[in-house]
Structure formats: structure tokens, C-alpha cells
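These are the residues of each chain, in order.
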Protein chains: 2
Amino acid sequence: MLGDMSGDLTIGQVAGRTGLSVHTLRFYEREGILADPVRREPGGRRVYGEHHVEWLNLCVLLRASGMPLPAIREYTELVRRGGHTAAERLALLRAHRDRVRERMARLDECMDLIEFKIRVYEDHLEQGPPEGEHLCGAPAEEPAAHPAAS
Amino acid sequence: MLGDMSGDLTIGQVAGRTGLSVHTLRFYEREGILADPVRREPGGRRVYGEHHVEWLNLCVLLRASGMPLPAIREYTELVRRGGHTAAERLALLRAHRDRVRERMARLDECMDLIEFKIRVYEDHLEQGPPEGEHLCGAPAEEPAAHPAAS
DNA sequence: CTAGGAGTTCGAGTCGGCTCTAGCTCAAGT
DNA sequence: ACTTGAGCTAGAGCCGACTCGAACTCCTAG
């Protein structure tokens, strides 16, 4: 086993704790996604600490919410440059929040139509597949003629 | 002007009405994303009808809700094969709906943390940037030590 | 002593989804 | 007659975000 000295972690352990692959961890590091540098043990292996894991989990969350890597890098750089960049970080986060909100709103709209179509199919299937001529194509093949389908 | 015969549309008009580019329209056609084939006028130009526009708008919506092109193609093929595939279409839509729901739930979680971080930065900025030692890095540089931060 | 497993670098490859280029044909307007 | 603009095809290129391969170095256990 690796020396379980203080809170040090190998890349594999960090992969385990973040859900990222070791490939991706090295990739993120090259991309400048780590706010403070990874130490190396003599021999060149990366040595991570808990703070790296926390930071990476934040990055995972930002990615999951759709923030592109360049934006994450930008944020990372602000953090690296110290506390006087707080206003810029706030602006970045707010911009991201707004974009996420928009995407969520859009998703809600999509859900409305998807659920509408599902309901139409359900009705059609459960109470009458009487192979009549009026369902040659589908019960509602293109029922975009629906509220909120611009 | 193009002969404004019945409801016929050029590719450019369809692009206008769907928000897709003409490139993307041809691409989608190659990808088998059109339930029924596009006619051609003598000379080879595509002739679309309103039903194409409706179908494409549905596709746009499915894309916007994260459905990958292969799944859309699959759905398209079911529609093409006729009304007896309704059950399969329903299954496909339900699966998609479930995935969208999951993504929305995940987004909600992300929003919680993003908004938490924003609040922390706001508080820090508005009521005291007194350059003390305790904000050397940030008010909450990695405050993933937060409810719902697994 | 040697085999295994985990680590390293660098660069190439993959995948999804477009996006664009080159070289061509039409049809209409001036 | 000629230019302009929209369309056509086939195929290449691009971008984002990984993902993998080759070739090598360690360390540890058997």
C-alpha cells in the first residue's frame, strides 16, 4: 500500500472519489482546471489532497450543469489569482446560473410536449387499437399543433 | 420568387421556420431523420411541405431535450413503419421522458449548490471585503462541504 | 528475481453533431 | 448576355470532451 501519510491520495483514489477517470484527471490538469498544483512524489507520481477532491467535485458539478471547460478554466484562474477576484467569480457564477435556468425552462417546455405525446399514445393504445383508417400513420404522429409548440 | 403553389417550401424556407440551417436539414435527411421523403422538383431541388416543418420542429424539440440523433432516427423509423409500431414509440418516448426527468433533477441539485455559492459571494462582497487573513483564497473557494455535496 | 499493478508522458483516435468547401446547376432579374 | 442568389452533391473539417495506445518507470508481493 501507498504510505497513508496524512490526507494524501493517488490519482486512482481521486478517480474513485470524483467519478472521473484517471485519464480525465490528467486531462483536466493539462487544461488548467486545478486551482492549485498537484505535488509529485519523487518518481513523478501525482499526490493529491482532500482539497483537490473537493475542487474536482465542484468541477464535476459545474460540468454536469453544462458549464464548458473553458469557463471552468476561467473560474479556476480567478480562484488562483486570489480573493480580490471575488466579484468576477460572482459574475461568472451568476451568468452560469442564468444559463442553467434558461435550459431548465426550455426542458420544462419540452417535457410538456413529450408528456402530451405520451398521453396521446397511451390513450390510443389502451382504449382502442381498432385498426381504423384514421390511424394509418399514428395517433398523433406530428401533433406539434399543440399549445406551446411554436 | 418560387412558385407559391399550395404549401410547398424550399429548403431555405424550412430553415427559416425550424431554426435549423440548410446544411443541417440536408444532414438530417441523410441521417434518416425525415419520416417521409422529400420530393424534388425537376432540377433536383428539395420540395418540403408543412408536415415536414412540423416533424422537424418536433425533432428540434427532442434534440433540445437531449435526445441523441440515433434515438430520433429510431423513432422516425417507427413512424415510417406505420401505426402498428405505436407501442414501441410509446416505450421510446417514455424512456426519453425518464431520462429528461433525471437530468432535470440533477440540474436542480446543481442549482442548489450554485445558488449557495452565489449567496456566499454576495454576502462576502456586499458587507465586508475587509482584506482580513481569513479570506486569502476566497470566501468559499471550495465550500463543497455543503448539504447535498456528496 | 520477477511478475503485476499502478503510475508516467506524449500524441493520436473517437464520437456526436454539426459546419463548411469546392465545383456545379438552375431560374430570375437588369 | 450576364450576374446574382439559392440549391445541389460529395466529402472534408471542426469543436468539445474525452479516451486510448505505446512505451516506459516504479514499487511491492510472492
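So, here is what we can say about the structure in this document. (Residues numbered from 1 in each chain as written. Chains lettered and ligands numbered in written order. Predicted model: local features only at pLDDT ≥ 70, side-chain atom pairs only at ≥ 80, totals over all residues. Heavy atoms only, no water.)

### A word on the overall build of chain A
Along the backbone of chain A there are five helices and two strands. When the helices and strands of chain A are placed in sequence order, the string is α-α-β-β-α-α-α. The contacts in chain A between residues at least 6 apart in sequence include a share of 49% that link residues at least 24 apart. For chain A, the exposed area adds up to about 8200 Å²; of that, 52% sits on carbon and sulfur atoms. (Helix = DSSP H or I, 4+ residues; strand = E, 2+ residues; numbered from the N terminus. Contact = heavy atoms within 4.5 Å. Areas by Shrake-Rupley, 256 points an atom, 1.4 Å probe, with all protein chains shown as cover.)

### Re the protein's contact with DNA strand D
The environment of DNA strand D is formed by 17 residues, the closest being Tyr28 of chain A together with Gly12, Arg26, Arg45 and Arg46 of chain B. When atoms of DNA strand D within 4 Å of the protein are split into backbone and base, the sugar-phosphate part holds 77%. Here a phosphate oxygen of DNA strand D and a side-chain polar atom of Tyr28 of chain A are 2.7 Å apart. The separation between a base nitrogen of DNA strand D and a polar side-chain atom of Arg45 of chain B is 3.0 Å. If you list the elements that add at least two residues to the surface near DNA strand D, you get α2 (22–30) and α4 (69–80) of chain A together with α1 (11–18) of chain B. The element that contributes the greatest number of residues to the surface near DNA strand D is α2 of chain A, accounting for four residues. When the residues that make up the surface near DNA strand D are grouped by side-chain class, the tally is six nonpolar, five polar and six charged. (Near = heavy atom within 4 Å. Polar contact = N/O pair within 3.5 Å; in protein donor to acceptor, adjacent residues only side chain to side chain. Nonpolar A, V, L, I, M, F, W, Y, C, P; charged D, E, K, R; others polar.)

### What to know about the side chain of Thr18 of chain B
Topologically, Thr18 of chain B is positioned in helix α1. Apart from residues no more than four positions distant in its own chain, Thr18 of chain B is found in contact with Leu25, Val53, Leu56, Asn57 and Val60 of chain B.

### Overview of the interface of chain A and chain B
Taken residue by residue, the interface counts 48 residues in chain A and 47 residues in chain B. Taken together, both faces of the contact between chain A and chain B bury some 4300 Å²; the carbon and sulfur share is 70%. At the junction of chain A and chain B, the tally comes to four salt bridges. Across the salt bridge formed by Glu115 of chain A and Arg101 of chain B, the nearest N and O atoms sit 2.7 Å from each other. At the boundary of chain A and chain B, one finds eight residue pairs in polar contact (both at pLDDT 80 or more). Of all the elements in the fold, those that place two or more residues in the side of chain A that touches chain B are α3 (50–64), α4 and α5 (86–126) of chain A. When its residues are assigned to classes, the side of chain A that touches chain B shows 26 nonpolar, nine polar and 13 charged. (Buried area = accessible area lost by both parts, 1.4 Å probe. Salt bridge = Lys/Arg side-chain N within 4 Å of Asp/Glu carboxyl O.)

### Here we look at the relation of the copies chain A and chain B
After a rotation of 180° and a shift along the axis of 0.0 Å, chain A superposes on chain B with an RMSD of 0.0 Å. A rotation of that kind, with that shift, is consistent with a two-fold axis. Relative to the rotation axis, the closest C-alpha in chain A is found at Met104 of chain A, a distance of 3.5 Å. Both copies share a contact surface, since 98% of the interface residues of chain A are interface residues in chain B too. (Least-squares fit on C-alpha atoms with pLDDT ≥ 70 in both.)

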